[in-house]
Amino acid sequence: MSSSIQSKKILIGVTGGIAAYKVAILIRLLIKQGAEVKVIMTTSALDFITPLTLSTLSKNPVLVDFFDRKSGEWNNHVELGLWADLFLIAPLSANTLAKLAQGQSDNLLVATYLSARCTVMVAPAMDLDMYKHPSVQQNFDTILRHGVTILEAGTGELASGLHGQGRMMEPEEMIDKVSISFRSQMDLKGKVFLITAGPTQEAIDPVRYISNHSSGKMGIAIAHEAAERGAKVHLALGPTNLKIVHPNIDVIPVVSAQDMYEAAKAIHPTACCVVFAAAVADYGPAEVSSQKVKKSGESLTLTLKKNVDIALTLGRSKQEGQIHVGFALETENEQENAIQKLGKKNFDFIVLNSLQDKGAGFKTDTNKVTYFFKDHTSLVSEVLPKREIAKQVVDLIKTHLDKQEQI
Ligand code: CTP
């Protein structure tokens, strides 16, 4: 069987880090599988591995600057970006990560990244504290929203002598990921997804509202995963300051539960899969004051009325073959409540978040979940980055869709 890597044009970006030595092995493996490989290095990568090694292995000149002083030629980053079927940056340093997230273009590698239209994968390599740092994690989230696939660093001994997460993924494992990506890149092509995400805001008056702590990260990560795999995604998204740019994602910004319902209802008949990841406010003020409510008296009573339950309502008009996925965030009787919602809202499966698990919940970048299925089976995940949970959710949806197609 021919490899999915055969004849693919793969651009490797090498940044400064001790793990750069592993890139030699990576290139050798890619060439062995029949790929055409070109390499761009940053100047700091030159301190870790020689361009001669990489040009010999890749059978192509290694590019570092915009301008090649030897040949007098201009290295066109736009052409390179368009040439590649895949741009793999390995190792990815925290410095280059920040440049990718910010859209800086002060070297050939990052300028090419900005011009690339192909799949971009990055294999970070950092010290453990750096890897965990909120700024670094935020930059990962940013590039993820821009459609980049992150090959998460492994855990083990690091160059600093410390032990923890930060080791670049091994070349053999990277080859597997690349191969899977070429094979499954478009396994959701032609599918339409509807995803609700983020919080809703229920106005009290022109300046105040009732809401919750949802960041929208989980739903956005699912939207990205599905979009990356070729699905057309309609994302009904409550107020969040996260920006989403992906050609396959159509963001429908909404504010209230009612807005979200209207948006979801309009798309629902066309979607083969609906993911209800939003933290919809269950109640909103019975009356919205047209003027700012003035302070008076020692207490204030607000009357709330029940909002539309989007999942429940759309669950009643679920079509044959359509997959509905719900989320539940519980603080007590977690399993019972989640299983009850699974049945009541006509979900195919429900993803239970427990606030009692360390590393799970609203504000974290990681999550630990339990999946409950209609056939009374369940599955528990480890504590994983939300983007990894998103992959699991989309894989489970794909399995359900495949089963439906076999019927
Ligand atoms: N949901 C929804 N519309 C609502 C409330 C919830 O679409 N008005 C969806 C959520 O997106 C989630 C699922 O229903 O997928 C369960 O949400 P959750 O808030 O856990 O459940 P509720 O039914 O609101 O019950 P409670 O808040 O009492 O736990």
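All figures in this text were calculated on a predicted structure; none of them were measured in a lab. (Residues numbered from 1 in each chain as written. Predicted model: local features only at pLDDT ≥ 70, side-chain atom pairs only at ≥ 80, totals over all residues. Heavy atoms only, no water.)

### Let's talk about the sheet that holds strand β23 (residues 378-380)
Then, number 1: With respect to topology, eight strands assemble into an open sheet ordered β15-β14-β11-β16-β19-β20-β22-β23, the strand pairing being mixed. Each edge of the sheet is formed by a strand with only one pairing partner; in this case those strands are β15 (249-253) and β23. Between one strand axis and the next, the sheet turns through 15 degrees on average, direction left out of account.
Then, number 2: Of the pairings in the sheet, the one linking strand β11 (residues 192-197) to strand β14 (residues 232-237) comprises six bridges and is parallel in character. Counterpart to Ala 197 in the pairing with β14 is Leu 237.
Then, number 3: Those strands touched by helix α10 (residues 257-267) are β11, β14 and β15, and its axis lies near 170 degrees from that of β11. (Pairing = 2+ DSSP bridges. Helix = DSSP H or I, 4+ residues; strand = E, 2+ residues; numbered from the N terminus. Axes fitted to C-alpha atoms, helices over the stretch in contact; angles between N-to-C directions. Contact = heavy atoms within 4.5 Å.)

### Topic: the domain arrangement of the chain
Then, number 1: One can read the domain layout of the chain as domain 1 (9-184) and domain 2 (192-406).
Then, number 2: Each of domain 1 and domain 2 has a C-alpha centre, and the two are 34 Å apart.
Then, number 3: When domain 1 packs against domain 2, close to 1,100 Å² is buried across both sides, 45% of that on carbon and sulfur atoms.
Then, number 4: Summed over the shared surface of domain 1 and domain 2, the result is three salt bridges.
Then, number 5: Here Asp 141 ties to Arg 387 by a salt bridge, and the two come within 3.5 Å at their closest N and O atoms.
Then, number 6: For the pair domain 1 and domain 2, the interface holds five residue pairs in polar contact (both at pLDDT 80 or more).
Then, number 7: Residue assignment for the side of domain 1 that touches domain 2 shows that the elements contributing at least two residues are α7 (134-145) and β8 (149-150).
Then, number 8: It is α7 that provides the largest number of residues to the side of domain 1 that touches domain 2, a total of five residues.
Then, number 9: Residue composition of the side of domain 1 that touches domain 2, by class: three nonpolar, six polar and three charged. (Domains from an automatic or database assignment. Buried area = accessible area lost by both parts, 1.4 Å probe. Salt bridge = Lys/Arg side-chain N within 4 Å of Asp/Glu carboxyl O. Polar contact = N/O pair within 3.5 Å; in protein donor to acceptor, adjacent residues only side chain to side chain. Nonpolar A, V, L, I, M, F, W, Y, C, P; charged D, E, K, R; others polar.)

### What about unusual backbone geometry?
Then, number 1: In this structure, the amide linkage connecting Ala 90 to the following residue, Pro 91, adopts the cis form with an omega of -10 degrees.
Then, number 2: By the element assignment, Pro 91 lies in strand β6 (residues 86-92).
Then, number 3: The backbone phi angle of Lys 59 is positive, close to 65 degrees, even though this residue is not glycine.
Then, number 4: Along the polypeptide, Lys 59 turns up in the loop between α2 (51-58) and β3 (62-63).
Then, number 5: Taking the relative accessible area as the measure of exposure, Lys 59 reaches 62% and is therefore exposed.
Then, number 6: At Asn 346, a residue that is not glycine, the phi angle is positive and equals roughly 60 degrees.
Then, number 7: For Asn 346, the position within the fold is in the loop between α12 (334-344) and β20 (349-354).
Then, number 8: Relative accessible area serves as the criterion here: at 32%, Asn 346 is assigned to the partly exposed category. (Buried < 20%, exposed > 50% of the residue type's maximum accessible area, 1.4 Å probe, protein only.)

### Remarks on the site of the ligand
Then, number 1: Taken together, 14 residues lie near the ligand, and Phe 276, Ala 278, Phe 327, Lys 341 and Lys 345 sit nearest.
Then, number 2: One of the side-chain nitrogen or oxygen atoms of Asp 309 is found 3.4 Å away from a nitrogen atom of the ligand.
Then, number 3: Lys 345 places a side-chain nitrogen or oxygen 2.6 Å from an oxygen atom of the ligand.
Then, number 4: Look at the ligand: alone it shows 570 Å² of surface, and the protein chains cover 78% of it.
Then, number 5: For the shell around the ligand, the elements supplying multiple residues, two or more each, are α11 (310-316) and β19 (323-330).
Then, number 6: Here the shell around the ligand is composed, by residue class, of nine nonpolar, one polar and four charged. (Near = heavy atom within 4 Å. Areas by Shrake-Rupley, 256 points an atom, 1.4 Å probe, with all protein chains shown as cover.)

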